Amino acid sequence: MSSQLSIVGGGMVGACLALALQPFARQAGWRIRLVEAHPPGDKLQTSYDARATALSHGSRLLLERLGVWQALAQGAEPIRHIHVSDRGHPGITRLDAHQEGVPALGYVVENALLGQVLLSALDREVVEWLAPARVVRLQAQVGGYALDIEQQGQLSQLETDLLVLADGGRSGLLDQLGVHREVKPYGQAAIIANVSSAEGHNSVAYERFTQSGPLALLPLSSKRSALVWTLPEDQAAEVAALPDPLFLARLQEAFGYRMGALTQVGARACYPLQLIEAQEQVRPHLVVLGNAAHSLHPIAGQGFNLSLRDTLALADTLIAAGRQQRLPGDLAVLQEYLQRQQRDQRQTVAFSDYLTRLFSNSQPLLTIGRNLGLLGLDLLPPARRLFARQAMGLKA
């Protein structure tokens, strides 16, 4: 049964979904369209910019399923240890890949490489790539959606049996469809940059909680680390704009000397942080996916990893339905996907939000409590294992 599937958003989530559906689509005669505002390799495509993404061990297993891990592994820096600390307090938790029985707790991959590998794996005979292209209007109709698409100043209309919106946390198309999003501002912004250090990272990912917010340094190649530094919104832009020596001195004071002296910092970007959740993820012939469905604080590196699990679960559900001669846009099919993922979504969102609020609060009682918690995780193997499995994107 031939079907038309349209994915709006050709970033990491949209490309992974197309890739996951590709083998069955080839067999079943499904036609997949990827609609993306920026052409491949365009620096304005935020999914594939100069930032890096932390992939959990569970995400590595899913990328192996997609057949792209071998190509990614050459540029992926393993996280073999995680060190969690609270600045000025004794609470520390350490996670170790060997103790968890895995080659690495996770990996850090630069987004440009991730985009290159994903897009090169797409079969353009199965996946039609419309880029640069912009969806200017959506209209629900019997059996699917009509899309008004603008390409090079020309308007055309396409029809689709299933529409997947994976166009990011600021999706204007959700507003057009009346999909409400719950927004919880954290009053924080994240400074993103690459940092070099004298002693290197030794495959350690550091999560450091400070009075002004959490700070993470994730291992990259050549003694570099990917910095995610959370600061109050009214301070972040000012700190990000400091000259390199002053910025490094400020960062060194907040992080300490666990990697020796911080010697170099690259270009910096600054992003406001908030928890955004779409109140509807499925409608007849419609799925909301990726950051458009849930945009998380980067504190625990859970955002893309959750979206990747959603993506593979959606692909599996659609393929199973196709084999049963059920239409991919049927509401019952899409509800099966959502029911399958709801528990994972709730647990992951709660885990990320709880850590953010707990470690961005300087109240004395909370500070004592979280330090006891960190010490408890370090001293109690069963509790540490549960924490590690959540961080690795695995079921407890």
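Whatever comes next refers back to the structure up there.
Residues numbered from 1 in each chain as written. Predicted model: local features only at pLDDT ≥ 70, side-chain atom pairs only at ≥ 80, totals over all residues. Heavy atoms only, no water.

**Student:** How would you explain the side chain of H285 if you had to name every residue and give the values?
**Tutor:** Within the secondary structure, H285 sits in the loop between strand 19 (282-283) and strand 20 (286-288). Owing to a relative accessible area of 15%, H285 belongs among the buried residues under this scheme. In contact with H285, not counting residues within four places along its chain, are G143, G144, Y145, D161, L162, L163, G329 and L334. (Helix = DSSP H or I, 4+ residues; strand = E, 2+ residues; numbered from the N terminus. Buried < 20%, exposed > 50% of the residue type's maximum accessible area, 1.4 Å probe, protein only. Contact = heavy atoms within 4.5 Å.)

**Student:** Describe the environment of G172, and please don't skip the residues or the numbers.
**Tutor:** With respect to the helices and strands, the residue G172 is situated in helix 6 (residues 172-177). Put simply, G172 and V136 are 36 residues apart on the chain and 9.4 Å apart in space, counted from C-alpha to C-alpha.

**Student:** Describe the sheet that holds strand 1 (residues 4-8), listing the residues and the values that go with them.
**Tutor:** Ordered by their spatial adjacency, six strands build an open sheet running 8-2-1-12-20-19, and the pairing between neighbours is mixed. Bordering the open sheet on either side are strand 8 (127-130) and strand 19, each of which pairs with just one other strand. Relative to strand 8, strand 2 (residues 31-35) runs parallel, the two being bridged by four bridges. Looking at the pairing, L34 lines up with W129 of strand 8. Helix-sheet contacts for helix 1 (residues 12-28) involve strand 1, strand 2, strand 8 and strand 12 (162-165), and the interaxial angle to strand 2 is about 165°. (Pairing = 2+ DSSP bridges. Axes fitted to C-alpha atoms, helices over the stretch in contact; angles between N-to-C directions.)

**Student:** Explain the pairing of strand 15 (residues 213-219) residue by residue, including any values.
**Tutor:** Summarising burial for strand 15: seven of the seven residues are buried, a large majority. Of the strand pairs in this sheet, strand 14 (residues 204-210) and strand 15 are connected by five bridges, and their pairing is antiparallel. Its bridge partner lying in strand 15, E207 is registered against A216. Taking the residues between adjacent antiparallel strands as the criterion, strand 14 and strand 15 are bridged by two residues. The pairing of strand 15 with strand 16 (residues 224-232) spans five bridges and is antiparallel. Bridged to L215 within strand 16 is W229.

**Student:** Describe the sheet that holds strand 3 (residues 52-56), with residues and values.
**Tutor:** Across the sheet, three strands lie side by side as 3-7-4; this open sheet has antiparallel pairing. Only two strands of the sheet have a single partner each, and these edge strands are strand 3 and strand 4 (77-79). Strand-to-strand twist across the sheet, computed as the mean angle between neighbouring axes with direction ignored, equals 30°. Bridge count for strand 4 against strand 7 (residues 106-110) is three bridges, and the pairing is antiparallel. Bridge pairing in strand 7 links I79 to G106.

**Student:** So, the nonpolar core: which residues are in play, and what are the values?
**Tutor:** Core analysis: the biggest nonpolar cluster contains 54 residues, and L21 and L318 have the highest contact counts within it. Ranked by residue count, the leading element in this core is helix 1, at 11 residues. Beyond its immediate chain neighbours, meaning those up to four positions away, L21 contacts L5, W30, I32, A315, L318 and I319. Counting residues in hydrophobic clusters, the runner-up holds 27 residues, among them I79, A190, L218 and V349. (Core = buried A, V, L, I, M, F, W, Y, C linked by side-chain atoms within 4.5 Å.)

**Student:** Would you mind going over the environment of L275 in detail, with residue names and values included?
**Tutor:** Tracing the backbone shows L275 in strand 18 (residues 269-278). Relative accessible area serves as the criterion here: at 3%, L275 is assigned to the buried category. Taking the C-alpha atoms as reference, L275 lies 5.0 Å from K184; in sequence the two are 91 residues apart. When near neighbours in sequence (up to four residues on either side) are disregarded, L275 contacts E182, V183, K184, Y186, S295, L296, V349 and D353.

**Student:** Which residues make up the packing of aromatic side chains, and what values go with them?
**Tutor:** To describe a pair of aromatic rings, one takes the distance between the centres and the angle between the planes. Tallied over the full model, the rule gives four aromatic pairs. Measuring from centroid to centroid gives 4.8 Å for W69 and Y107, while their planes differ by 65°, and the two rings are edge-to-face. Taken together, the residues W69 in helix 3 (residues 69-73) and Y107 in strand 7 connect sequence positions 38 residues apart. For the pair W69 and Y107, one class covers both residues: buried. Look at Y206 and F255: their rings are 5.3 Å apart centre to centre, the planes differ by 80°, and that puts the pair in the edge-to-face class. Within this pair, whereas Y206 is found in strand 14, its partner F255 is found in helix 8 (residues 244-255), the two being separated by 49 residues in sequence. According to the relative accessible area criterion, Y206 is buried, its value standing at 10%. The ring of F247 is capped by R268, whose NZ or CZ atom sits 4.5 Å from the centre of that ring. (Phe/Tyr/Trp six-rings, centres within 6.5 Å; stacked < 30°, edge-to-face > 60°. Lys NZ or Arg CZ within 6 Å of the ring centre and 35° of its normal.)

**Student:** Quick rundown of the pattern of salt bridges? Include the residues and the values.
**Tutor:** Scanning all chains against the criterion turns up 14 salt bridges. Close ionic contact of R340 with D316 constitutes a salt bridge, the shortest N to O distance being 3.4 Å. With R340 in helix 10 (residues 331-358) and D316 in helix 9 (residues 303-323), this pair connects stretches of sequence that are 24 residues apart. For R340, a relative accessible area of 45% corresponds to the partly exposed category. Of the residues examined, D316 reaches a relative accessible area of 23% and is grouped as partly exposed. Salt-bridge contacts for R326 lead to E336; the nearest nitrogen and oxygen are separated by 2.9 Å. Within this pair, whereas R326 is found in the loop between helix 9 and helix 10, its partner E336 is found in helix 10, the two being separated by 10 residues in sequence. The exposure class assigned to R326 is partly exposed, which follows from its relative accessible area of 24%. (Salt bridge = Lys/Arg side-chain N within 4 Å of Asp/Glu carboxyl O.)

**Student:** Before we move on, could you go through unusual backbone geometry and cite the residues and values that matter?
**Tutor:** The amide bond that connects A131 to the next residue, P132, takes the cis arrangement and shows omega of -5°. Within the secondary structure layout, P132 lies in the loop between strand 8 and strand 9 (134-141). In this model, S203 sits at a positive phi of 65°, which is unusual for a non-glycine residue. Along the polypeptide, S203 turns up in the loop between strand 13 (181-197) and strand 14. Backbone geometry at H285 places phi at a positive 70°, although glycine is not the residue there.

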